[in-house]
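# An overview of the molecular structure
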Amino acid sequence: MSQRQVLQVFEQYQKARTQFVQMVAELATRPQNIETLQNAGVMSLLRPLLLDVVPTIQQTAALALGRLANYNDDLAEAVVKGDILPQLVYSLAEQNRFYKKAAAFVLRAVGKHSPQLAQAIVDCGALDTLVICLEDFDPGVKEAAAWALGYIARHNAGNGAYLKTGLLKFRFIR
């Protein structure tokens, strides 16, 4: 096999991952597809794509997870049980603005369903990272972080007090 043929295999692999994650994100916008996606084990297929070497694949995987988690509390719970939250929180501090928006969307989608899911977000250390995202230069990242923080605080007065303290620090730092 020539070098060109070997490289073609890798290009095809990247294209297939890209097409897969884009199609799942698109399918997740339609409620009639959610159960089929869930039964096909889509959550476990999307999780490793959050760590893909291609940033677009990472972002689109996060977007798809957010759309799924936004749909119902069972899927939001699957995000928590699949150990996806720590991965998102870690990457939230390290990635580009597009990923940050998508990751904050996932956190918002999970946190909106119940106090227990909101607490799971707090337990994985997301609050500090989300407050830091409020300092981002991109208004979309700030907005996504604010939405996520709002949904988390809505479920728990203790989180609201913590957020108020964090936001006051944020205000005085700026």
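Our subject is the structure that appears above.
Analysis parameters
- Residues numbered from 1 in each chain as written.
- Predicted model: local features only at pLDDT ≥ 70, side-chain atom pairs only at ≥ 80, totals over all residues.
- Heavy atoms only, no water.
- Helix = DSSP H or I, 4+ residues; strand = E, 2+ residues; numbered from the N terminus.
- Buried < 20%, exposed > 50% of the residue type's maximum accessible area, 1.4 Å probe, protein only.
- Contact = heavy atoms within 4.5 Å.
- Areas by Shrake-Rupley, 256 points an atom, 1.4 Å probe, with all protein chains shown as cover.
- Expected span 1.5 Å × (residues − 1).
- Axes fitted to C-alpha atoms, helices over the stretch in contact; angles between N-to-C directions.
- Parallel < 35°, antiparallel > 145°, perpendicular 65-115°, else oblique.
- Left-handed = near helix turned anticlockwise from the far one by under 90°.
- Core = buried A, V, L, I, M, F, W, Y, C linked by side-chain atoms within 4.5 Å.

On to the overall build of the chain. The number of helices and strands found in the chain is 11 helices and 0 strands. Walking the chain from its N terminus toward its C terminus, one meets helices and strands in the order α-α-α-α-α-α-α-α-α-α-α. Classification of the 174 residues of the chain by burial places 43% in the buried group. In the chain, of all internal contacts separated by at least 6 residues, the share reaching a separation of at least 24 is 69%. Surface exposure of the chain reaches about 9600 Å², of which carbon and sulfur atoms provide 54%.

This paragraph deals with helix 4 (residues 55-71). Spanning 17 residues, helix 4 covers 25 Å between terminal C-alpha atoms, matching the ideal 24 Å at 1.5 Å per step. Those residues of helix 4 lying buried are I57, Q58, Q59, T60, A61, A62, A64, L65, G66, L68 and A69. Next to the buried residues of helix 4 lie helix 1 (3-27), helix 2 (31-39), helix 3 (42-46), helix 5 (73-81), helix 6 (85-94) and helix 7 (97-111).

The contact between helix 5 and helix 7 brings their axes to 9 Å, and the two run at 120°. Here helix 5 is positioned oblique relative to helix 7, judged by the angle of their axes. When you trace helix 5 past helix 7, the crossing you get is left-handed. Seen from helix 5, the contacting residues are A76, V79 and V80; seen from helix 7, they are V106, A109 and V110.

Among the structural elements, D52 can be located in the loop between helix 3 and helix 4. We classify D52 as buried; its relative accessible area is 9%. With sequence-adjacent residues up to four places away left out, D52 is seen in contact with R17, I57 and Q58.

Before going further, it helps to spend a moment on the nonpolar core. The biggest cluster of nonpolar side chains holds 52 residues, and the ones touching the most others in it are L46, L68, L88, L107 and L130. Sorting elements by how many residues they give to this core places helix 7 first, with 8 residues. Residues contacting L88, with those up to four places away along its chain left out, are L50, A62, Y99, A103 and V106.

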